[in-house]
Structures are given as C-alpha cells and as structure tokens.
Amino acid sequence: AYADGLVPGTATTTRLDGVKALGASAYGNPITYTPEDRPARAFDGDPLTAWRVGAFDDVQGDHIRVALDHPITTDHVNLVQALVPPNERHITRLALRFDGGPPYVVSLDHASRTARGQTVGFGRRSFRTLDLEILDTNLGRPLSYGGVSPVGFGEIRLRGDAPGARPIRVHEVVRM
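Reading guide: rules and limits
- Residues numbered from 1 in each chain as written.
- Predicted model: local features only at pLDDT ≥ 70, side-chain atom pairs only at ≥ 80, totals over all residues.
- Heavy atoms only, no water.
- Helix = DSSP H or I, 4+ residues; strand = E, 2+ residues; numbered from the N terminus.
- Rg over C-alpha atoms; globule rule 2.2 N^0.38 Å.
- Areas by Shrake-Rupley, 256 points an atom, 1.4 Å probe, with all protein chains shown as cover.
- Lys, Arg positive; Asp, Glu negative; His and termini not counted.
- Charge placed at Lys NZ, Arg CZ, Asp CG, Glu CD.
- Buried < 20%, exposed > 50% of the residue type's maximum accessible area, 1.4 Å probe, protein only.
- Polar contact = N/O pair within 3.5 Å; in protein donor to acceptor, adjacent residues only side chain to side chain.
- Contact = heavy atoms within 4.5 Å.
- Salt bridge = Lys/Arg side-chain N within 4 Å of Asp/Glu carboxyl O.
- 1 Å grid on protein atoms, 1.4 Å probe; cavity = no way out; pocket = protein on both sides within 12 Å on 5 of 7 lines; lining within 4 Å.
- Points joined across faces, edges and corners; volume = space filled by probe spheres on them.
- Nonpolar A, V, L, I, M, F, W, Y, C, P; charged D, E, K, R; others polar.
- Core = buried A, V, L, I, M, F, W, Y, C linked by side-chain atoms within 4.5 Å.

**A few points about the overall build of the protein chain**
Point 1. A tally of regular secondary structure across the protein chain gives zero helices and nine strands.
Point 2. Along its sequence from the N terminus, the protein chain presents helices and strands in the succession β-β-β-β-β-β-β-β-β.
Point 3. Computed over C-alpha atoms, the radius of gyration of the protein chain comes to 17 Å, within 12% of the 16 Å expected from 2.2 N^0.38 for 176 residues, which places it in the range of a compact globule.
Point 4. Considering only C-alpha atoms, the protein chain reaches an extent of 50 × 45 × 30 Å along its principal axes.
Point 5. In the structure as shown, the protein chain presents an accessible area of about 9,200 Å², 53% of it carried by carbon and sulfur atoms.
Point 6. Looking at charge distribution, the protein chain has the averaged site of its 20 positive side-chain charges lying 5 Å from that of its 20 negative ones.

Pasting the structure below:
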C-alpha cells in the first residue's frame, strides 16, 4: 500500500522518463488543470503541443522547472512559445534560474513565437535544474483577464554541449 493507504494499481499515476523531475506553478487555467497543457508538453519534441498557463488570469510569477538526471554544460537554450491559437498574449520577459541561483533576465522577441524559436544565450555554465519564470507579457497587467489567452512554451530546447549530447526530452507515461 502507498503512504495514503491506496493499493498499487487502484490509482492513476504518472511517470516521467528523460528527466529527474518536471513541474510548474500551474497549468491550464485557474478553474481546471487541462492535461493537454501539462509541463511535459514543453519538452516532448513537438512545438504544436505546449505547457500553457494563465488562461483568464495573471501569469506574472508563473514558472516551469526541470530537474535533469545529470548536470549538463551549455551556454544557451532555445525557446518556442505556444504556437497554436489562442495565443494573442505572449511572454516578453523571462527570468532563468540555474540550480536555484540568482535570476538571469532575458527579453523574448518575435523569433520565440516561431517554430524555429529564439536562442537565448547566458554564458557557459553547468547546472542540473533550470527554472523559467514569467516576468511580463505583451499585455502587462490588464484590468480584466476575461477572454485573455494563456501563455507558455511549445518547446524548451535544452542540450548539453558535450559531443553526442542529445536534446532533453520528456516522455510522460500515465498508468490507469
């Protein structure tokens, strides 16, 4: 039995392959957690799926965090924002945090809203965790969020610079 008294096989569980852990402050909208907007969608290799957050809500401070199985060394990450409409709102400023360190603030431009994505450089470093926190969007903080689209990432393309390094991919397995 699990700590909460459930017997194995009587609960739906999720397993992530490819990373140690992956999480987000939220996904979907403030009323429902929509599975199609889960954080794993930002690392699945398909830019048409996405981690999306904040439909009808403020997104400043929302974040996605990946913990890798092993540290990697690199000097950049490629970011693709949610490409599938509704996507009239988009992220304009983002804080990157490596292993819980101080924020490295970057601006996102039009390239981040294309399938090619925007490559963000941050100086060569080794890290095991990467946290991406939304600081601002093109709409700022409107008086009302009614009808305002969510924001998020279709792909967070991360790869170490060692010879033969493969992109970080997450495969989410749901066991009923």
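Still more to cover.
**Concerning the side chain of Asn78**
Point 1. Tracing the backbone shows Asn78 in strand S4 (residues 63–81).
Point 2. Among the residues examined, Asn78 registers a relative accessible area of 9% and is labelled buried.
Point 3. Engagement of the side chain of Asn78 in a polar contact is seen with the side chain of Thr119, the distance being 3.0 Å.
Point 4. Residues within four places of Asn78 in sequence aside, it is in contact with Arg116, Gly117, Gln118, Thr119, Glu155, Ile156 and Arg157.

**Side note on the pattern of salt bridges**
Point 1. Scanning all chains against the criterion turns up seven salt bridges.
Point 2. Among the ionic pairs, Asp58 bridges to Arg141, the shortest N-O distance being 2.8 Å. Within this pair, whereas Asp58 is found in the loop between strand S3 (51–53) and S4, its partner Arg141 is found in the loop between strand S7 (118–137) and strand S8 (151–157), the two being separated by 83 residues in sequence.
Point 3. Assessed through its relative accessible area of 22%, Asp58 is described here as partly exposed.
Point 4. One salt bridge in this structure joins Arg65 and Asp131, with 2.8 Å as the shortest N-O distance. Of this pair, Arg65 sits in strand S4 while Asp131 is found in strand S7, placing the two residues 66 residues apart along the sequence.
Point 5. On the basis of relative accessibility, which here comes to 42%, the residue Arg65 falls in the partly exposed class.

**With respect to the environment of Val170**
Point 1. Residue position: Val170 is located in the loop between S8 and strand S9 (171–175).
Point 2. For Val170, a relative accessible area of 7% puts it in the buried group.
Point 3. Linking Val170 and Asp57, residues 113 residues apart in sequence, is a C-alpha distance of 27 Å.
Point 4. When sequence neighbours within four positions are dropped, the list of residues in contact with Val170 reads Leu16, Asp17, Val19, Leu22, Ala40, Phe43 and Asp44.

**Some points on the side chain of Thr137**
Point 1. Locating Thr137 in the fold gives a position in strand S7.
Point 2. Taking relative accessible area as the criterion, Thr137 reaches 4% and is therefore assigned buried.

**With respect to the layout of surface pockets**
Point 1. The computed volume of the largest pocket comes to approximately 200 Å³.
Point 2. Of the residues belonging to the lining of the largest pocket, the class tally is 10 nonpolar, four polar and three charged.

**Describing the nonpolar core**
Point 1. Phe43, Leu79, Leu94, Leu96, Leu132, Phe153 and Ile156 are the most contacted members of the largest nonpolar core, which totals 33 residues.
Point 2. Put simply, the parts of the chain that give this core at least two residues each are S3, S4, strand S5 (91–98), S7 and S8.
Point 3. Contact partners of Leu96, with chain neighbours within four places excluded, come to Val77, Pro102, Pro103, Tyr104, Val106, Val120, Phe122, Leu130, Asp131 and Leu132.

So, to be careful, I would describe these as geometric facts and stop short of saying anything about function.
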